[in-house]
Amino acid sequence: MPPNIILVHGEANEMGKLKQKLITRFADRNTKIISPKNCQSVEMYFYSDKMAKTIGRLAENTPEVGETVSGLLVNKAFTYQIMAPDDLHWCLWCIEA
């Protein structure tokens, strides 16, 4: 089952009834059920592994297992790349829209 259920766009009393039914149904699971008020922000945390491709000078040498790689992390369209800070000037194309 999903870890989070967010109830939105409903009449407050009906949303409360639905929330109580869902709490009862998912009582044995670790599911968080919330019904925020209009314009109330909701924070959720997602945990997942991310892969990043090394480019530029950082890609010239393969690191040993367990070795730390330090550089700039660039994210574009859910793709991650790590580069040396000095390589950023030639790689502006990789962060342009």
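A short tour of the structure in this document, coming up.

Of note, Asp87 is situated in the segment after strand E5 (79–83). Residue Asp87 is classed as buried on the basis of its relative accessible area of 4%. At 2.7 Å, the side chain of Asp87 forms a polar contact with the backbone nitrogen of Arg57.

Our focus in this paragraph is the pattern of salt bridges. Overall, the coordinates contain 4 salt bridges when judged by the stated rule. The residue Lys17 makes a salt bridge to Glu14 at a minimum N-O spacing of 3.4 Å. In this pair, Lys17 and Glu14 both sit in helix H1 (residues 12–25), 3 residues apart, roughly one turn of the helix. Here Arg57 and Asp86 are joined by a salt bridge, their closest N and O atoms 3.3 Å apart. Of this pair, Arg57 sits in the loop between strand E3 (52–54) and strand E4 (72–76) while Asp86 sits in the segment after E5, placing them 29 residues apart in sequence. Within this structure, Arg57, Asp86 and Asp87 form a network of salt bridges that share partners.

Below, the discussion takes up the environment of Leu18. Relative to the elements of secondary structure, Leu18 occurs in helix H1. With relative accessibility at 39%, the residue Leu18 sits in the partly exposed group. Remark: the alpha-carbon pair of Leu18 and Ser35, spanning 17 residues in sequence, is separated by 9.7 Å.

For the rest of this paragraph, the subject is the layout of surface pockets. By volume, the largest pocket is sized at about 250 Å³. Every residue along the wall of the largest pocket is listed here: Val8, His9, Gly10, Glu11, Ala12, Met15, Gly16, Ser35, Pro36, Lys37 and Asn38. Partitioning the lining of the largest pocket into residue classes produces 4 nonpolar, 5 polar and 2 charged.

Across its 14 residues, H1 extends 20 Å between first and last C-alpha, which sits within 8% of the 20 Å expected from 1.5 Å per residue. One side-chain oxygen of the residue at the start of H1 lies 3.2 Å from the amide nitrogen of Asn13, identifying that residue as Glu11.

Turning to the pairing of E4, a few remarks are in order. In terms of strand pairing, E4 meets E5 through 5 bridges, oriented antiparallel. Residue pairing across strands places Val74 opposite Gln81, the latter belonging to E5. The antiparallel pairing of E4 with E5 creates a hairpin that spans 2 residues between the two strands, and Ala77 there sits at a positive phi of about 55°.

Rules of the game
- Residues numbered from 1 in each chain as written.
- Predicted model: local features only at pLDDT ≥ 70, side-chain atom pairs only at ≥ 80, totals over all residues.
- Heavy atoms only, no water.
- Helix = DSSP H or I, 4+ residues; strand = E, 2+ residues; numbered from the N terminus.
- Buried < 20%, exposed > 50% of the residue type's maximum accessible area, 1.4 Å probe, protein only.
- Polar contact = N/O pair within 3.5 Å; in protein donor to acceptor, adjacent residues only side chain to side chain.
- Salt bridge = Lys/Arg side-chain N within 4 Å of Asp/Glu carboxyl O.
- 1 Å grid on protein atoms, 1.4 Å probe; cavity = no way out; pocket = protein on both sides within 12 Å on 5 of 7 lines; lining within 4 Å.
- Points joined across faces, edges and corners; volume = space filled by probe spheres on them.
- Nonpolar A, V, L, I, M, F, W, Y, C, P; charged D, E, K, R; others polar.
- Expected span 1.5 Å × (residues − 1).
- Pairing = 2+ DSSP bridges.

Coordinates in, geometry out; function isn't part of it.
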